[in-house]
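Per-entry structural report
Here is how the chains run, residue by residue.
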2 protein chains.
Amino acid sequence: MRSDESDDRLNRAFLALADPVRRAMIARLSRGPATVNELAEPFSISKQAVSKHVQVLEAAGLITRSRDAQRRPCHLVPETLEALTAWIDAYRLTAERQFRRLDSVLDTLKETER
Amino acid sequence: MRSDESDDRLNRAFLALADPVRRAMIARLSRGPATVNELAEPFSISKQAVSKHVQVLEAAGLITRSRDAQRRPCHLVPETLEALTAWIDAYRLTAERQFRRLDSVLDTLKETER
DNA sequence: ATTGTAGTCAACTAAATGGTTGATAAAAGA
DNA sequence: TCTTTTATCAACCATTTAGTTGACTACAAT
């Protein structure tokens, strides 16, 4: 199945959010930067597993990382979150417009009936 | 890894959107109901594969299905899309507030410096 | 009654995902 | 220099995913 570039970005971003551990990391990072160890703290999984989750989030463009001695703090990228809501909302709004249109057709039918 | 019920719903919904075929189906359905065969038309995959994608979307609560003789038309459920944007926006807005707070701290520092 | 249309179920395969352990790198501090 | 902290790489394993083909069900139409 063909996939253009913007498809790939959406694939990676939505897939990244399809995991409760990574969503919890997003939630944590929304309140400020954190290191891998800090992100790992609430979970009973290995540090390596956490590191992989972080890599998934980074590849999805949902986070970036900086340097602070041997630490590599993670930061949320709100623009990427915004791109996702933009995608979803485009179709949600189209659907809602469609429903309204159907409603008015039904109303017109009722009028005619009467 | 533990998952409560609302976690499961988000997992399924985000996972459902992490596939270009299923996103194209959402796009199609935003313009009105369609059958499995109609949804299959733009893709070069088997009818059975399309049927599976539809089941994924239905299990995620992103679509519902009705009956029309031997047809089972699919309909988008905009409320589920809305729940996803609500989740994303909550953390996006928190992050943006956080950034603004940091900005004002930096401004204060500059003031002091001066 | 037979044929055609719409869709699903079951079994299988290939690839990707999420996890593990063990070894290693890179920087800071004793 | 030796040790500790922070994080990653590599190899491996179990499960899930997306696809296939073939058999099947349900309803309509001739």
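Scroll up a little and you will see the structure.
Residues numbered from 1 in each chain as written. Chains lettered and ligands numbered in written order. Predicted model: local features only at pLDDT ≥ 70, side-chain atom pairs only at ≥ 80, totals over all residues. Heavy atoms only, no water.

Considering the relation of the copies chain A and chain B
Aligned on chain B, chain A shows an RMSD of 0.1 Å; the corresponding rotation is 180° and the shift along the axis is 0.0 Å. The superposition operator between the copies reduces to a two-fold rotation axis. A high fraction, 100%, of the interface residues of chain A reappear at the interface in chain B, so the copies pair face to face through one surface. (Least-squares fit on C-alpha atoms with pLDDT ≥ 70 in both. Contact = heavy atoms within 4.5 Å.)

Remarks on the protein's contact with DNA strand D
With respect to spatial proximity, 23 residues lie near DNA strand D, and among them Ser 51 and Arg 65 of chain A together with Gln 48, Lys 52 and His 53 of chain B are the closest. For DNA strand D, the backbone makes up 57% of the atoms found within 4 Å of the protein, where backbone means sugar plus phosphate. At 2.8 Å, a side-chain N or O of Arg 22 of chain B approaches a phosphate oxygen of DNA strand D. Among the secondary structure elements, those contributing two or more residues to the surface near DNA strand D are α3 (36–40) and α4 (47–59) of chain A together with α4 (47–59) of chain B. At five residues, the largest contribution of residues to the surface near DNA strand D is made by α4 of chain A. (Near = heavy atom within 4 Å. Polar contact = N/O pair within 3.5 Å; in protein donor to acceptor, adjacent residues only side chain to side chain. Helix = DSSP H or I, 4+ residues; strand = E, 2+ residues; numbered from the N terminus.)

Let's talk about the packing of aromatic side chains
On inspection of all chains with the given rule, the structure shows five aromatic pairs over all chains. Linked through ring pairs, Phe 14, Trp 87 and Tyr 91 of chain A together with Phe 14, Trp 87 and Tyr 91 of chain B together constitute an aromatic cluster. (Phe/Tyr/Trp six-rings, centres within 6.5 Å; stacked < 30°, edge-to-face > 60°.)

Quick notes on the protein's contact with DNA strand C
Around DNA strand C, the structure places 23 residues, and the nearest of them are Lys 52 and His 53 of chain A together with Lys 47, Ser 51 and Arg 65 of chain B. Side-chain polar atom of His 53 of chain A to a phosphate oxygen of DNA strand C: 2.2 Å apart, as the coordinates give it. At 3.3 Å from a phosphate oxygen of DNA strand C is found a main-chain nitrogen or oxygen belonging to Arg 72 of chain B. Those elements giving two or more residues to the surface near DNA strand C turn out to be α4 of chain A together with α3 (36–40) and α4 of chain B. The element best represented in the surface near DNA strand C is α4 of chain B, accounting for five residues. Class assignment for the residues of the surface near DNA strand C results in five nonpolar, ten polar and eight charged. (Nonpolar A, V, L, I, M, F, W, Y, C, P; charged D, E, K, R; others polar.)

Quick notes on the interface of chain A and chain B
Each side of the interface is counted separately: chain A has 37 residues, and chain B has 37 residues. Between chain A and chain B, the buried area comes to about 3100 Å², and carbon and sulfur atoms account for 75% of it. With a shortest N-O distance of 3.5 Å, Arg 23 of chain B and Asp 7 of chain A are connected by a salt bridge. The tally of links from chain A across to chain B stands at six residue pairs in polar contact (both at pLDDT 80 or more). Secondary structure elements with two or more residues in the side of chain A that touches chain B: α1 (5–17), α2 (20–29) and α5 (78–113) of chain A. Considering every element that reaches the side of chain A that touches chain B, the biggest residue donor is α5 of chain A, with 15 residues. Residue composition of the side of chain A that touches chain B, grouped by class: 21 nonpolar, eight polar and eight charged. (Buried area = accessible area lost by both parts, 1.4 Å probe. Salt bridge = Lys/Arg side-chain N within 4 Å of Asp/Glu carboxyl O.)

Structural notes on the environment of Pro 20 of chain A
Tracing the sequence through the fold places Pro 20 of chain A in helix α2. Along the sequence, Pro 20 of chain A and Trp 87 of chain A sit 67 residues apart, while their C-alpha atoms lie 21 Å from each other.

Notes on helix α2 (residues 20–29) of chain B
Counting buried positions along α2 of chain B yields eight of ten residues, so the element is predominantly enclosed. Buried within α2 of chain B are the following residues: Pro 20, Val 21, Arg 22, Arg 23, Met 25, Ile 26, Ala 27 and Leu 29 of chain B. (Buried < 20%, exposed > 50% of the residue type's maximum accessible area, 1.4 Å probe, protein only.)

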